[in-house]
Amino acid sequence: VNPEIASTPSVNPEIASTPSVNPEIASTPSVNPEIASTPSVNPEIVSTDVPHMRSGKIEDDVATRIRTEGNANVIVSLFSVDNFFSFPQTERLVRIEENRNALLIELGLTSTDLTASYSVIPSIAMTITEQQLDILEASTLVDYVYIDRPIQAQVAEVRQHLGLNDASGVPLTSITGEGSTIAVLDSGIDSSYPIFNFGNDIVNATDETCFLANTSECITASGVISHGTTMAAIIKSIAPNARLVDIQVLSATSGTGFYSDWLSGLNYLLENHSALGITAVNASFSTQILYEGECESVYPDAANAVRQLREAGILVFSSTGNLANLGAVGAPACLSNTVGVGSIDISQSNIIVSSFTNRSNRLDFLASGEDIAVDLNGDGELYETGGGTSHSTAVLSGLVALLYEQNPELLPSQLLFSLRNGGQAVNVGILPDVNAQSHVAFAVNASGSLQIAEDINFSCASIVGISEVECTYLIDLYTVTGGPNGSWINDEGWGTSFTPCTDCHGVTCGPYD
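Focus: the overall build of the chain
When helices and strands are tallied, the chain shows 11 helices and 21 strands. By the burial criterion, 54% of the 513 residues in the chain qualify as buried. Partitioning the contacts of the chain with sequence separation of at least 6, the portion at a separation of at least 24 is 75%.

What follows is the structure, given as structure tokens:
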């Protein structure tokens, strides 16, 4: 089973009896280039080598770069018909591959000549000469050619976008995730790096951490920068004093695993969450098999385990996947009790959902997920982690750690209330009508959510008249039926300030004790 690497994904529309679980590792997504101004031309200087004017499909800087350097690193956007992304995913994948292969034939190249090739994003990256630029300009398979610029959204920029740092990098809050513990279900964490306090911030670093049936795929040596290591580093970059629990359910080398491995990890969580003090679970992986709605019937054991964790006050945050599907997401995000996370591009002035993000009504939140770099050694040298909804999930898990330091008594519904109301509503557009106001996800913001979390003084432990468990169930019912999003009436104060069952179908609760 292949991980969700954008250059070579394997998409199987059929439901396998034992689905594999893959990390959402994507090749660097296509990002809109900076718009460079047209270089000024001095009319008094006449060149004997004036290049011919290029069409609108060629960015000006491409010809300039070739003229000055002899070649240019470019992104070639392949021509696609209108409403391309509303087509079924299988048809989109076939069309992209056909257009890419046909263009390579026109250029006299093979796939090995490309810098990068994307299966779900209709573009390729390559180095071209002027002769090849002429071919690209004339080709009906090409929509636009532009410079492949070096770009990088460092964690410092992610923190600024979240409202944790100012523009100069100075922290705006003293909240660091102290007292929070995030379980990281992934491909293992190399705890030897300084960002993890040389293992002291990994709660179970010396205990059982690997739950793979094939133990040869477990992390056994330092210096392994696995997918799990980078996800853990992103969490620690947002919440530097949070503790982590390392639960390896994916191969350290291939990044793949099986449903049975994931169940072993969930079983460990159910057995040990209280002793480890776990406050949330980060699951930065997804199946390549996608689901339009909830998938409880396909993964009943996992669904039950996730439900039990939620009843214990622990939410599981899961990435929706990187196959650019507008109507379906992978597991475990498709489970009703998980929190689905997608990616946004923070390099844009407006909130733009990353093109690779899988979307459905199971997409709950959006966070930065493109081109994130982390400082593993604390020496200022950045390691590029790439991008994907995995990264967005890790960013959100770091924010969750901050919220639990701000208010350790938050119920799952109160945590979600803080994230929604502190963030910004975004219409993500899902099938069948991508233009309809059909589904809203929330782009998270730390400053707003931290203030809301601090102001919440409601606690089911303070309610008399019904049991604490019943109170918790009522709050969860309110949350999963869309109460925080406005689907209930006469609900002012639910889960935030006073007893949640006042005027609920005639049920009356006692006052605070």
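Notes on the pairing of strand S7 (residues 181–186)
Within S7, 6 of the 6 residues are buried, which leaves it mostly tucked inside the rest of the structure. Across 6 bridges, the pairing between S7 and strand S8 (residues 243–248) is parallel. Note that in S8 the partner of Leu 185 across the bridge is Ile 247. In terms of strand pairing, S7 meets strand S10 (residues 280–283) through 4 bridges, oriented parallel. Residue Val 184 lies in a different strand from S10, and its bridge partner there is Asn 282.

A closer look at the state of the cysteines
One pass over the structure, following the stated rule, counts 2 disulfides. Put simply, Cys 210 and Cys 218 are joined by a disulfide, and their sulfur atoms are 1.9 Å apart. Given an S-S torsion of about -75 degrees, the disulfide between Cys 210 and Cys 218 has left-handed geometry. Using a relative accessible area of 18% as the deciding quantity, one classes Cys 210 as buried. One disulfide bridge connects Cys 295 with Cys 334, the sulfur atoms lying 2.0 Å from each other.

With respect to the environment of Gly 340
Assignment of secondary structure puts Gly 340 in strand S15 (residues 338–345). Measuring from C-alpha to C-alpha, the distance between Gly 340 and Leu 366 comes to 8.7 Å, with 26 residues separating the pair along the chain. Apart from residues no more than four positions distant in its own chain, Gly 340 is found in contact with Ser 318, Thr 320, Ala 333, Arg 362, Leu 363, Asp 364 and Phe 365.

What to know about the environment of Ala 373
Here Ala 373 shows up in strand S18 (residues 372–374). Sequence spacing of Ala 373 and Gly 386 is 13 residues, and the spatial spacing of their C-alpha atoms is 7.4 Å.

Looking at the nonpolar core
Among the nonpolar cores identified, the biggest contains 49 residues, and Phe 196, Leu 244, Phe 317, Leu 396, Leu 415 and Leu 419 are the most heavily contacted of them. When residues of this core are assigned to their parent elements, the largest contribution, 9 residues, is made by helix H8 (residues 389–406). Apart from the residues within four sequence positions on either side, Phe 317 is in contact with Ala 280, Val 281, Asn 282, Ala 283, Val 339, Val 341, Thr 393, Leu 396, Ser 397, Val 400, Leu 415 and Leu 419. Counting residues in each nonpolar core, the second largest holds 33 residues, with Ile 247, Leu 309, Ala 331 and Cys 334 among its members.

Considering the packing of helix H6 (residues 259–276) against helix H7 (residues 300–311)
The geometry of H6 relative to H7 is characterised by a closest axis approach of 10 Å and an angle of 25 degrees between their N-to-C directions. As summarised for this structure, H6 and H7 are arranged roughly parallel, according to the angle between their axes. Read as a crossing pair, H6 and H7 show a hand that is left-handed. Counting all contacts with H6, which are made through Tyr 259, Trp 262, Leu 263, Leu 266, Leu 269, Leu 270 and His 273, the residues of H7 involved are Pro 300, Asp 301, Ala 302, Ala 305, Gln 308 and Leu 309.

Points about the pattern of salt bridges
Overall, the coordinates contain 4 salt bridges when judged by the stated rule. The residue Glu 91 makes a salt bridge to Arg 95 at a minimum N-O spacing of 3.1 Å. You can see Glu 91 and its partner Arg 95 sitting in helix H2 (residues 89–107), 4 residues apart, about one turn around the helix. By relative accessible area, which is 31% here, Glu 91 ends up partly exposed. Classification of Arg 95 by relative accessible area gives partly exposed; the value is 32%. Two residues, Arg 307 and Glu 311, come together in a salt bridge whose shortest N-O distance is 2.7 Å. Placement of the pair is Arg 307 and Glu 311 together in helix H7, with a separation of 4 residues, close to one helical turn.

A short note on the side chain of Glu 370
Positionally, Glu 370 belongs in the loop between strand S17 (363–368) and S18. Put simply, Glu 370 is tucked away with no salt bridge, and the nearest opposite charge, on Arg 359, sits 9.1 Å away. At a separation of 2.6 Å, a polar atom in the side chain of Glu 370 contacts the side chain of Ser 354.

Considerations on the packing of aromatic side chains
The geometry of an aromatic ring pair is captured by the separation of the ring centres together with the interplanar angle, meaning the angle of the planes. A full pass over the atoms with the stated rule returns 4 aromatic pairs. Here Phe 211 and Tyr 268 contribute two aromatic rings whose centre-to-centre distance is 4.9 Å and whose plane-to-plane angle is 50 degrees, an arrangement assigned as tilted. Highlighted residues: Phe 211 in the loop between S7 and helix H5 (227–238) and Tyr 268 in helix H6, separated in sequence by 57 residues. Tyr 268 shares its class with Phe 211; the two are buried. Between Tyr 291 and Tyr 299, the ring centres sit 5.7 Å apart and the planes meet at 85 degrees, which makes this aromatic pair edge-to-face.

A look at unusual backbone geometry
Cis geometry marks the peptide bond from Ala 331 to Pro 332, where omega comes out at 10 degrees. Look at Asn 197: it is not a glycine, yet its phi comes out positive at around 55 degrees. Mapped onto the secondary structure, Asn 197 falls in the loop between S7 and H5. Unlike most non-glycine residues, Ala 324 shows phi in positive territory, near 60 degrees.

Description of the sheet that holds strand S4 (residues 123–128)
The strand order across the open sheet built from 4 strands is S3-S4-S2-S5, with neighbouring strands paired in antiparallel fashion. For this open sheet the edge positions go to strand S3 (116–117) and strand S5 (142–147), each flanked by a neighbour on one side alone. Bridge count between S3 and S4: 2 bridges; the pairing is antiparallel. Each residue of the ladder has a partner; that of Ser 117, found in S4, is Ile 124.

Cut-offs applied
- Residues numbered from 1 in each chain as written.
- Predicted model: local features only at pLDDT ≥ 70, side-chain atom pairs only at ≥ 80, totals over all residues.
- Heavy atoms only, no water.
- Helix = DSSP H or I, 4+ residues; strand = E, 2+ residues; numbered from the N terminus.
- Buried < 20%, exposed > 50% of the residue type's maximum accessible area, 1.4 Å probe, protein only.
- Contact = heavy atoms within 4.5 Å.
- Pairing = 2+ DSSP bridges.
- Disulfide = S-S within 2.5 Å.
- Core = buried A, V, L, I, M, F, W, Y, C linked by side-chain atoms within 4.5 Å.
- Axes fitted to C-alpha atoms, helices over the stretch in contact; angles between N-to-C directions.
- Parallel < 35°, antiparallel > 145°, perpendicular 65-115°, else oblique.
- Left-handed = near helix turned anticlockwise from the far one by under 90°.
- Salt bridge = Lys/Arg side-chain N within 4 Å of Asp/Glu carboxyl O.
- Lys, Arg positive; Asp, Glu negative; His and termini not counted.
- Polar contact = N/O pair within 3.5 Å; in protein donor to acceptor, adjacent residues only side chain to side chain.
- Phe/Tyr/Trp six-rings, centres within 6.5 Å; stacked < 30°, edge-to-face > 60°.

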